[in-house]
Each structure stands twice: as structure tokens, then as C-alpha cells.
Amino acid sequence: MFIGRDNELKGLSEKLNNDRFESILIYGRRRIGKTELIKEAIKNLNCVSIYFECKLSLLNENLIDFNNEVNRVLNCDFRFDSFKKILKFLFDYSRKEKIVLVIDEFPYLLQSKALIISDIRDLIDEYCMNSKMKIILSGSLVQVMKNLNDSSSETYGRFTSIIPLTAFDYFDSSKFYDNYSDEEKILMYSVFGGVAFFNSLIDSSLTALDNIKKLILNKNSILQLEVENMVISEVSKISLANSALNIIGEGNTKYSDIVNRLTSNKSEKVNPDYILKKLIDLEIIEKVYPINEKNNKKRTFYRFKDNLMEFYYRYIYRYKNANSYLTVDDFYDEFVKEDLLSKYLPLKFENISKEFLIRANQKHKISPLFYDIGTYFFNDSKLKINRQFDLVTEDKNGYIAYECKFKDKPLSKKIINEEEYQIISSGLNVYKLGFISKSGFEKNIDQDRYNLFSLNDFYKLD
């Protein structure tokens, strides 16, 4: 069953259903759902569709496979001795008949034959005005794919559509386990994140905790191996990247702390900025800065963008030796349970609250609409007040500061008054306060004075 990607599917389908030439670039990290999106878009098309997935192998092996796929779809027996000749044949074919050509994992082909990008550029230039070709280049090496439309690339300006795929947010991810309670959905997203493949493995007939134990905590489980393979195949190519992830996983998120830990071994030359940039490019971590001091490096911190990777480094990687000797139940009780419930989930609730506010904003559930959201740093040297607020929105009237509470009891008026006093006394430049509570609010709170949202609101935005 195809889940999510409504906007991307609509846009791609519109391109594939017209009779004009289209050249489309689709990219996103491994397992994000690129192939499923493409297959969903072409499955009901009334035209020739050729889907070819490049392999990380010798050029000639890919050439043989490409020949075979073209012959299979077109029911012919051509044997072309180069990719350029196959592509030219298909572009010629598209002058009379509409054809969809998908070249998936294109960077693998680019690695073995760099000149193919010149061939594709020349063919696009030659046929774009008089063919019905729909050529889709897709790939998981995100930076390589982005570079295809860089101003220095030979294919710059040749794409009629560019579709970057990122992980699902909390809302779309929940569609993989929509029979769970809202609280269980928060738990599942906090552990498995928004990568489509990871979520597709969830067995919603099991409890949320049983899925976590089965899929990631159990030694040699499918997702534990998946993360480790990703670390080996992608992260290990970047010197000390694994160390950086471990540092962040331990809770050291400030730029200065990461740099100090990475450079503590004077015998090895380290470029922390390069390491962090590469991890951002891989969409494993993200750079977070206050919306009111975006250029202040001292206020910048880094956190995992991928929830599963964070869960892995916070618990499994850190206690890997114990994971080898304990049963999965004992490992959970000993190293995961207390921290998960008291620290990890409350922090994740803040991140998910940000995603909720963005969705609510897009659905016009917030007024006035905000145009920026993030952390906010406040410093008053005279009063010796130095605070960072985790969730602040900016709209035409100024800032609204939100407090997120992951508690089992409804938020009381007393707690709200205390939070309000702390914020006002700090001198924070906000014109309104908002509160997001997992368990809702007591009834004696002024609904008009604050922006109030509960977990019950999170999954009612359709």
C-alpha cells in the first residue's frame, strides 16, 4: 500500500500525464521511498514505461542489463554497444510515442561513465522541443544528485522538475500504524522516525514496545543491521564522522563541545566543519540556530535529524557490549526504559510539537500565520539572564513562545502562571504565550489568553 507523498505524487503525475517533454530529477537518502513514488506514478500510465535500476558494478554489466530491459519492454532484439546509442534510440522513439524512461540510482552509472551526463545534456537539448520523452533520473547519493543542477554542472537548467524527498513527519509516519493510540504514535515516531522503509516493517498487530524490541533492540535485528550497514557504507567514508555521531548521541550538541571532543586527540588532523557538513548532507543530523541570532555560531547546536539513528547511538551503540550479552528484555529494562521515558521522549515531544505547529500553520489552525519557527536565545548581561527557548514562532506581530510539557497530568493554571512569570521576568520579547501539553489542560485556564494545544490535536489536521 502506497502511503503519503500526496503533493509529490500529484506533481509527478501531472508531468507524466501531459504530452510535452519532461526531464525530472528525484533524490533522497536510501530507503526514503523514491522508487515507490516513481512506480506509483507510472503504474497506470497508458504509454511505454522503462524502469532501469543501475547497479554498483562494471559499466558493461549495466549496459547489458539496460539493453535487456529495453528489449523486454519494447519486445525487440536490439543490441547497442553504448548507453548513448540506447538513449538516442529511445529519444527518437519518443518523437512519435510518449515514453517514460526511469534511470534509478543514476550516480552508480555516473561513477563508471562520467561522460554520460554530457550525452544526456546533448539529447535533452536536441529533443526537448519535439518529443514526448519523460526522463527521470533518481538517486540516493543526495549531494551527487543535487550537483546535477548546480550552476557548474553540464545539465544545469535542463530539468523541468526537481523533487527532493525527505523523511515523513510525525503525521504521515503515523499512517503506518494508525491503529495505535496517540501516545504510542509519538513513541513509534520517536524511535523509528520518518523513513518509509523503516516504518513499513512495523507490525501493527504487536504492541509499540514489542515492535521496538523486535526491530531495533534485538541483537542482529533488521533495523539494527540496517543502521550499521548505513554507518559502514556512508558514514565510515568520512573520517571521525562516527565519533561525531557518538558525541552527539551522548548529549553533547553544542558546536564547541563537539569540536573539543573531536580535536582532543592531537595526533590526528581534524576538520570538524567538514565532518558536520557531510553528516548534514546525509540528512543524519541538522544544524539548529536561534531564529533571532542565525549567524551566531556560539548559539548553534547540532542534533540528529534521523530519529532511528539517534535512538541507535543513544542506546545501542553506547551500550553495544551489553547488548551482546543481555536478553532484549533485560537490555531494555537496564539501559533504555528509564531514560526513554524521562528524557528521550520529552525531548522528542518538543521536536514533534514543532512539526505539529508547522502542519497546523499550513492548515490555518493558527492565527496569525507564522513565517519562521525555531529556538530563541535571550541574553541580558546587566541582569545576568541567559536563556534559550526551545520553540518560538515569528509572525507579523512578533514572537510567540511555546512551552511543551510531556506530563501524564493535565497542565494546571498554577504551572502556566509560573511559566508565564519566568518568561515575562526574563525580558523575552514575546507578545503571546503558547502551551503544548501531552495530557491537555485543566478547565480553569483562559483559552483566549494563550495558544493551547494538546496531543489530542496532533492527529486531527486532515
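It should be noted that the structure appears before, not after, this text.
Q: Would you mind showing me how to read the pattern of salt bridges here?
A: Pairing of side chains with opposite charge becomes possible as their charged atoms draw close. Taken as a whole, this structure holds 31 salt bridges when the rule is applied. Between Arg20 and Glu22 there is a salt bridge; the shortest N-O distance is 3.7 Å. Residue Arg20 is classed as exposed on the basis of its relative accessible area, which comes to 52%. A relative accessible area of 2% means that Glu22 is categorised as buried. Residue Glu250 is joined to Arg261 by a salt bridge in which the shortest nitrogen-to-oxygen separation is 3.1 Å. Of the two residues, Glu250 is situated in the loop between helix 13 (241-249) and helix 14 (255-262) and Arg261 in helix 14; the sequence distance between them amounts to eleven residues. Judged by relative accessible area, which is 38%, Arg261 ranks as partly exposed.

Q: Quick question: what am I supposed to make of the packing of aromatic side chains here?
A: Remark: the centre distance and the inter-plane angle together describe each pair of aromatic rings, the angle taken between the planes. Scanning the model with the defined rule gives 29 aromatic pairs in all. Ring geometry for Tyr315 against Tyr344: centres 5.9 Å apart, planes inclined by 70°, an arrangement best described as edge-to-face. One end of the pair, Tyr315, is in helix 16 (residues 307-317); the other, Tyr344, is in helix 18 (residues 328-362), with 29 residues separating them in the sequence. Across the pair, Tyr344 and Tyr315 agree in class, each one buried.

Q: I tried to follow the pairing of strand 4 (residues 133-139) on my own but got confused; where do I start?
A: The two faces of a sheet get side chains in turn, since along a regular strand they alternate between them. With seven of its seven residues buried, strand 4 lies for the most part within the structure. Judged by which residues are buried, strand 4 turns out to be covered on both faces: Met133, Ile135, Leu137 and Gly139 on one side and Lys134, Ile136 and Ser138 on the other are all buried. Note that strand 1 (residues 22-27) and strand 4 share six bridges and pair parallel. Counted as the bridge partner of Ser23 is Ile135 from strand 4. Of the strand pairs in this sheet, strand 3 (residues 99-104) and strand 4 are connected by five bridges, and their pairing is parallel. Considered in strand 4, the bridge of Ile103 is made with Leu137.

Q: Please explain helix 9 (residues 182-192) as it appears in this structure.
A: Given 3.6 residues per turn, any residue in an α-helix points the same way as the ones three and four places further on. Taking burial as the measure, the eleven residues of helix 9 include eight buried ones, the bulk of the element. Listing the buried residues of helix 9 in full gives Lys185, Ile186, Leu187, Met188, Tyr189, Ser190, Val191 and Phe192. Directly beyond the C-terminal end of helix 9, a positive phi value near 70° is found at Gly193.

Q: Quick question: what am I supposed to make of the environment of Ser190 here?
A: If you trace the backbone, Ser190 turns up in helix 9. Residue classification places Ser190 among the buried residues on the basis of a relative accessible area of 0%. Separated by 159 residues in sequence, Ser190 and Phe349 have C-alpha atoms that sit 8.1 Å apart. With residues up to four places along the chain from it excluded, the contact list for Ser190 reads Asn307, Tyr344, Leu345, Lys348 and Ile352.

Q: What should I look at first to understand the packing of helix 3 (residues 59-74) against helix 4 (residues 83-93) in this one?
A: What describes two packed helices is the angle between their axes and the distance between those same axes. Running from N to C, helix 3 and helix 4 point in directions that differ by 25°, and their axes come no closer than 10 Å. One way to sum up the angle between helix 3 and helix 4 is to call them roughly parallel. The hand of the helix 3/helix 4 crossing is left-handed. Between helix 3 and helix 4, the contacting residues are Leu59, Asn62, Leu63, Phe66, Asn67, Val70 and Leu74 on the first element and Phe83, Ile86, Leu87, Phe89, Leu90 and Tyr93 on the second.

Q: What's the story with the sheet that holds strand 1 in this structure? I'm lost.
A: By definition, the strands of a sheet pair up through backbone hydrogen bonds, in either a parallel or an antiparallel sense. Read from one edge of the open sheet, five strands run 2-3-4-1-5, paired in parallel fashion. Only two strands of the sheet have a single partner each, and these edge strands are strand 2 (48-53) and strand 5 (161-164). Strand-to-strand twist across the sheet, computed as the mean angle between neighbouring axes with direction ignored, equals 15°. Here strand 2 runs beside strand 3; their pairing, made up of six bridges, is parallel.

About the thresholds
- Residues numbered from 1 in each chain as written.
- Predicted model: local features only at pLDDT ≥ 70, side-chain atom pairs only at ≥ 80, totals over all residues.
- Heavy atoms only, no water.
- Salt bridge = Lys/Arg side-chain N within 4 Å of Asp/Glu carboxyl O.
- Buried < 20%, exposed > 50% of the residue type's maximum accessible area, 1.4 Å probe, protein only.
- Helix = DSSP H or I, 4+ residues; strand = E, 2+ residues; numbered from the N terminus.
- Phe/Tyr/Trp six-rings, centres within 6.5 Å; stacked < 30°, edge-to-face > 60°.
- Pairing = 2+ DSSP bridges.
- Contact = heavy atoms within 4.5 Å.
- Axes fitted to C-alpha atoms, helices over the stretch in contact; angles between N-to-C directions.
- Parallel < 35°, antiparallel > 145°, perpendicular 65-115°, else oblique.
- Left-handed = near helix turned anticlockwise from the far one by under 90°.

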